[in-house]
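Geometric and topological summary
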Amino acid sequence: MCGIVGFCGPVGDAAVLGRMMDRLAHRGPDGRGTFARPDLGLFIGHLRLAILDLVGGAQPMWNEDGAIGIVFNGEIYNHAELRAELVARGHRFASDHSDTEALVHGYEEWGEGLLPRLNGMFAFCIIDLRRGELFLARDRFGEKPLFYTRQRGVFAFASEASAFRCHPALRLEADDTSMQKFLACGWLASPRSFHRGVAKLPPGSSIAVPFGGEPMAPRSYWQFRVEPEAAWTRRSDRDLTEELAAQVERAVRRRLVADVPIGVFLSGGLDSSAITNAAAASVPRGRLETFTIGFEDGSYDERESAAAVAAHLGTEHHERVLTLGNAAELMSGVLARMDEPIADPSILPTYLLCRFARERVTVALSGDGGDELLAGYDTFSALGLAQVAARCLPRGMLRWLRAGAERWPASDRNMSFDFKVRRALGGLVRPPEMWNPAWIGPVAPELVRELVEHPLSPEELYEEPIALWRSRPDLSVEERTLEFYTRFYLTENILFKVDRAGMFNSLESRAVFLDNDLVDFCRRLPYAFKMRRGRTKWLLREALAQRVPSAILERPKKGFGVPVSKWLRALPPEKFDVPLPELRRPAARAMVARHQSGRADYRGALWGLLQLQALDASQHEREHRV
């Protein structure tokens, strides 16, 4: 896990590169490496968090004749198999077991054809001196970030866009359309970023950039698609249960390979319990370390369930509690370090979880992706009722019901009844293609219209989810919802959050459920094995039977919710004052007052304002320092 950064063009030198690298120092505290060709205007940097081959893994790394080099962020879990195949083809390796060197020789042997062969998480830049170009690529789900821009004749890339502030030819300015989409959806679909003229390389894509020239169009080498195998409906439940269990175990074993200590994030839910169970089978009893974050509010707290799983599996368990005081201390500092806004307030407990796990380990396994691939969210339980309501109730009645629900007193409890009803009706008043972004988005389009000077229509705010929905008429509502969560919520929200929380603490997080083989199994698995008799993640529950306490299998899902509504009521109103010209400050202040008085629940809008305010203040502070 590392940070990568570089630029090519007529402006900039080694000192500029050094400042850009300093901005990413938290991503790689164990080493710095650079490559400079002033005659080409080419400057590349790497910051290393040493995980594998601690002695021989320094970067940039080159092939035998020095014509092809790489800076790489991530982990390749099948690097040993690739190395063996490349050695058989005549390649000579200088390192003992570096996964980075497998990429260098793999690109030399297969070029762009290397990408479909990789099982891992990665963002890398190949320096191809033979062809006179840079070749950048990103993993299938975008676990590792990669931003790029071309301004004033300079092409630049970085693991975090904030590094661009350190280059004299580059500017980071908030994009008004992106700001509205962030408020409405809570995430920004690649290639869109929060900043004008800056793009995120889409997951599963690559891009070639000639030295000193214009970037070519990104090319997709993989995209997640739900493609259920009809023939699997005739396979026995036991057969598929055993295959899923075996897939999880193999994925965990691949991610236990490292030259540094490894632990597991354990919430006590199905996904983290499955991973802990598989990891415990490969680690001596009492040697596996697990980590949990809890809350004072019992409706959010999962420590009891996590402790039960840890005791059952014999792990060395650690827990911390995030209090209102902790949250207030963390909030401004964490949010100001984000290079893009994040609508997910669980960034705070995730940050704290990573910080205290880093006291004992350098790598942690996570359950990210399980809910999206196996239908684990409450949404999937409610889809049947939602379709009935949409068919039987006129849209006007649904709008009337929604208006009434908005007048109910707001509760601060996790997934309270009033919160669920308001969310459900907020989606049902719209066409089905808008349900999912409306259900999880922090700010309804009507509130966005109140908050900004030049509001977009709901169709514009939700254009990417709408396009995805319309592109798959062959799928059921449930299967299209799976694609929505996996293509947008997972890749653009969850993985973004986990990368930043981990890297701010120099900790690597490995998502077990995003293993290539496990993903392929899940996307081909018919929906009846994911949701059955109202039980989410049915097949995973079956696979865990007899492996974890039965109470874990039956307990309702909590998710990694945080008591943000209560936290926001305790903050001074000026914390939400965002001086961006597109925002209507009187409307924002009125929302703050209504939420803090308990007359309304605007947690999503207020968290969004808090994030925008932190980013704006951080930008002005850095510009002043420069």
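In short, a report on the structure. (Residues numbered from 1 in each chain as written. Predicted model: local features only at pLDDT ≥ 70, side-chain atom pairs only at ≥ 80, totals over all residues. Heavy atoms only, no water.)

In terms of regular secondary structure, the protein is built from 24 helices and 17 strands. Here the C-alpha atoms of the protein give a radius of gyration of 24 Å, agreeing with the 25 Å that 2.2 N^0.38 yields for 626 residues. The C-alpha extent of the protein, read off along each of the three principal axes, is 70 × 60 × 45 Å. Across the protein, contacts joining residues at least 24 apart in sequence account for 72% of those joining residues at least 6 apart. Working note: accessible area of the protein is about 23200 Å², and carbon and sulfur atoms make up 51% of it. Side-chain charges of the protein comprise 81 positive and 81 negative groups, with the mean position of each set lying 3 Å from the other. (Helix = DSSP H or I, 4+ residues; strand = E, 2+ residues; numbered from the N terminus. Rg over C-alpha atoms; globule rule 2.2 N^0.38 Å. Contact = heavy atoms within 4.5 Å. Areas by Shrake-Rupley, 256 points an atom, 1.4 Å probe, with all protein chains shown as cover. Lys, Arg positive; Asp, Glu negative; His and termini not counted. Charge placed at Lys NZ, Arg CZ, Asp CG, Glu CD.)

Let us now look at the nonpolar core. Phe124 and Leu348 are the most contacted members of the largest nonpolar core, which has 169 residues in total. With 13 residues, helix α18 (residues 477-503) is the largest single contributor of residues to this core. Those residues in contact with Leu348, other than ones at most four positions away along the chain, are Leu322, Ala327, Leu330, Met331, Val334, Trp567 and Trp607. With 21 residues, the next largest nonpolar core counts Leu24, Ala158, Ala163 and Ala169 among its residues. (Core = buried A, V, L, I, M, F, W, Y, C linked by side-chain atoms within 4.5 Å. Buried < 20%, exposed > 50% of the residue type's maximum accessible area, 1.4 Å probe, protein only.)

With the rule as written, the count across this model stands at seven cavities of 30 Å³ or more. Computed from the structure, the largest cavity encloses a volume of approximately 180 Å³. Residue lining of the largest cavity: 21 residues in total, with Lys200, Glu340, Thr491, Glu492 and Phe496 positioned closest to the centre. Considering every element that reaches the lining of the largest cavity, the biggest residue donor is α18, with seven residues. Its residues placed into classes, the lining of the largest cavity shows ten nonpolar, four polar and seven charged. (1 Å grid on protein atoms, 1.4 Å probe; cavity = no way out; pocket = protein on both sides within 12 Å on 5 of 7 lines; lining within 4 Å. Points joined across faces, edges and corners; volume = space filled by probe spheres on them. Nonpolar A, V, L, I, M, F, W, Y, C, P; charged D, E, K, R; others polar.)

This paragraph deals with the packing of aromatic side chains. Each aromatic ring pair is characterised by the separation of its centres together with the angle its planes make. A complete count under the given rule lists 19 aromatic pairs for this structure. Summarising the aromatic geometry, the rings of Tyr485 and Tyr489 are spaced 5.7 Å apart at their centres and angled 85 degrees between planes, so their arrangement reads as edge-to-face. Separated by four residues within a single helix, Tyr485 and Tyr489 lie in helix α18, roughly one turn from each other. For the pair Tyr485 and Tyr489, a shared accessibility class is recorded, and that class is buried. (Phe/Tyr/Trp six-rings, centres within 6.5 Å; stacked < 30°, edge-to-face > 60°.)

Mapped onto the elements, Glu433 comes out in the loop between α13 (417-428) and α14 (435-440). Judged by relative accessible area, which is 17%, Glu433 ranks as buried. Beyond its immediate sequence surroundings of up to four residues, Glu433 is in contact with Pro465, Ile466, Trp469 and Arg470.

Bringing the layout of surface pockets into the picture now. Here the second largest pocket is characterised by a volume of approximately 500 Å³. Surrounding the second largest pocket, 22 residues form its lining, Arg402, Glu406, Ala444, Leu447 and Asp601 being those nearest its centre. Across the lining of the second largest pocket, the residue classes break down as nine nonpolar, three polar and ten charged.

The next point concerns the pairing of strand β5 (residues 68-76). Along any regular strand, the residues point their side chains to alternate faces of the sheet. For β5, the buried fraction is high: nine of the nine residues fall into the buried class. By the bridge criterion, two bridges tie strand β4 (residues 61-62) to β5 in an arrangement that is antiparallel. Across the sheet, the residue bridging to Trp62 is Gly69, located in β5. Linking β4 to β5, which pair antiparallel, is a turn of five residues; within it Gly66 sits at a positive phi near 70 degrees. Taken together, the nine bridges between β5 and strand β6 (residues 120-128) define a ladder with antiparallel strand orientation. Along β6, the bridge assignment pairs Phe72 with Phe124. (Pairing = 2+ DSSP bridges.)

Strands pair in a sheet through their backbones, by hydrogen bonds, and they do so in one of two ways: parallel or antiparallel. On the basis of which strands lie adjacent, the open sheet formed by five strands has the order β15-β14-β13-β16-β17 and parallel pairing. Looking at the sheet topology across the chains shown, the edges are occupied by β15 (316-322) and β17 (508-511). On average, each strand axis in the sheet is inclined to that of its neighbour by 30 degrees, with strand direction left out of account. The sheet contact formed by strand β13 (residues 262-265) and strand β14 (residues 289-295) spans three bridges and is parallel. For Gly263, the partnering residue across the bridge sits in β14 and is Glu289. Relative to β14, helix α9 (residues 347-357) is tilted by about 145 degrees, and along the sheet it contacts β13, β14 and β15. (Axes fitted to C-alpha atoms, helices over the stretch in contact; angles between N-to-C directions.)

The next subject is the pairing of β15. By the bridge criterion, seven bridges tie β14 to β15 in an arrangement that is parallel. When the bridges of β15 are listed, Ile293 appears paired with Arg320. On the question of chirality, the crossover connecting β14 to the parallel β15 by way of helix α7 (residues 303-313) is right-handed. (Right-handed = clockwise from strand over helix to strand, strands pointing away.)

A few words now on the environment of Gly113. If you trace the backbone, Gly113 turns up in the loop between α3 (99-110) and β6. Exposure remark for Gly113: the relative accessible area of 34% places this residue in the partly exposed category. Along the chain, Gly113 and Phe295 lie 182 residues apart, while their C-alpha atoms are 47 Å from each other.

So, on to helix α23 (residues 585-596). Relative to the 16 Å expected for twelve residues at 1.5 Å per residue, α23 spans 16 Å between its end C-alpha atoms, a close match to the ideal helical length. Turning to α23, its buried residues are Ala587, Ala588, Met591, Val592 and His595. Along the axis of α23, the buried positions cluster into a sector of 140 degrees, meaning they face one direction only. Downstream of α23 by a residue or two, Gly598 has a phi angle that is positive, lying close to 85 degrees. (Expected span 1.5 Å × (residues − 1). Arc of directions from axis to C-beta.)

So, about helix α12 (residues 395-405). Every buried residue of α12 is listed here: Leu398, Arg402 and Ala405. Buried residues in α12, looked at end-on, bunch into an arc of 60 degrees, giving them a common side.

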